[in-house]
Every structure is written in C-alpha cells, then in structure tokens.
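This is what each chain is made of:
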Amino acid sequence: MKVEVLTAKILDNNPSMDRYQLAIAVAKRTDELLNGATSKLNVSKKIKTADLALMEIAQGLVSVKGFSDIKK
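Residues numbered from 1 in each chain as written. Predicted model: local features only at pLDDT ≥ 70, side-chain atom pairs only at ≥ 80, totals over all residues. Heavy atoms only, no water.

Q: Honestly, the side chain of Arg29 in this entry has me stumped. Any pointers?
A: With respect to the secondary-structure elements, Arg29 resides in helix H2 (residues 19–34). A polar contact of 3.3 Å, which involves the side chain of Arg29, links it to the backbone oxygen of Thr38. What Arg29 contacts, discounting residues up to four positions off in sequence, is Ala37, Thr38, Ser39, Lys40, Ala53, Glu56 and Val62. (Helix = DSSP H or I, 4+ residues; strand = E, 2+ residues; numbered from the N terminus. Polar contact = N/O pair within 3.5 Å; in protein donor to acceptor, adjacent residues only side chain to side chain. Contact = heavy atoms within 4.5 Å.)

Here it is, written out as structure tokens:
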C-alpha cells in the first residue's frame, strides 16, 4: 500500500493527530524495530522499516499515545 494512502488513513482515524506527530510516532516505532522489537505484521524482509512502522500504525497494531491538544 502506498505511503500516502496509509498516512491519510491514520490521520482520518486520529483527528487529534497531525502529520508532524505521525512522523514522530513512525520514527519512534522505526527505532524500536531497528533495536530488536518484533514486527506485528507478517511481511517480507525486503520492506523498509519505516514503511513497516507506518503499516503497523495504520492497521491499529501499534497505539500512538501522548498526543493531546494544547489548550491556550
């Protein structure tokens, strides 16, 4: 699945998250995967780690916590 489609799906399902917060979440999950965490998806080894992280978030296998609206 294309990155744009996955990104749109995640942002549609999480209205309080913006694309910058999503980028941080993907980077954090990518680091976890690179440091030995096991993937929650059964995909080939040829897929890039960042794409795998994005796919996991899009399918709801990895939760993204810690983002909230800042009240001014």
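Q: Please clarify how the pattern of salt bridges should be interpreted in this entry.
A: Between side chains of opposite charge, a pair can form as their charged atoms come close. In the structure shown here, the tally under the stated rule is two salt bridges. A salt bridge links Arg29 to Glu32; the nearest nitrogen and oxygen atoms lie 2.9 Å apart. Residue Arg29 and its partner Glu32 are both found in helix H2; the two are separated by three residues, about one turn of the helix. For Arg29, a relative accessible area of 7% puts it in the buried group. (Salt bridge = Lys/Arg side-chain N within 4 Å of Asp/Glu carboxyl O. Buried < 20%, exposed > 50% of the residue type's maximum accessible area, 1.4 Å probe, protein only.)

Q: What am I meant to see in the nonpolar core here?
A: The tendency in soluble globular proteins is for nonpolar side chains to be buried side by side. Membership of the largest hydrophobic core comes to 15 residues, with the highest contact counts inside it found for Leu6, Ile10, Leu22, Val26, Leu54 and Ile57. Elements with a contribution of two residues or more to this core: helix H1 (3–13), H2 and helix H3 (49–58). It is H3 that provides the largest number of residues to this core, a total of six residues. Setting aside residues up to four positions removed in sequence, Leu22 forms contacts with Thr7, Ile10, Leu11, Met17, Leu54 and Ile57. (Core = buried A, V, L, I, M, F, W, Y, C linked by side-chain atoms within 4.5 Å.)

Q: I'm lost on the side chain of Glu56 in this one. Help?
A: By the element assignment, Glu56 lies in helix H3. We classify Glu56 as buried; its relative accessible area is 0%. A polar atom in the side chain of Glu56 sits 2.6 Å from the side chain of Arg29. Ignoring anything within four residues of it in the chain, the contact list for Glu56 reads Arg29, Leu33, Ser39, Lys40, Leu41, Leu61 and Val62.

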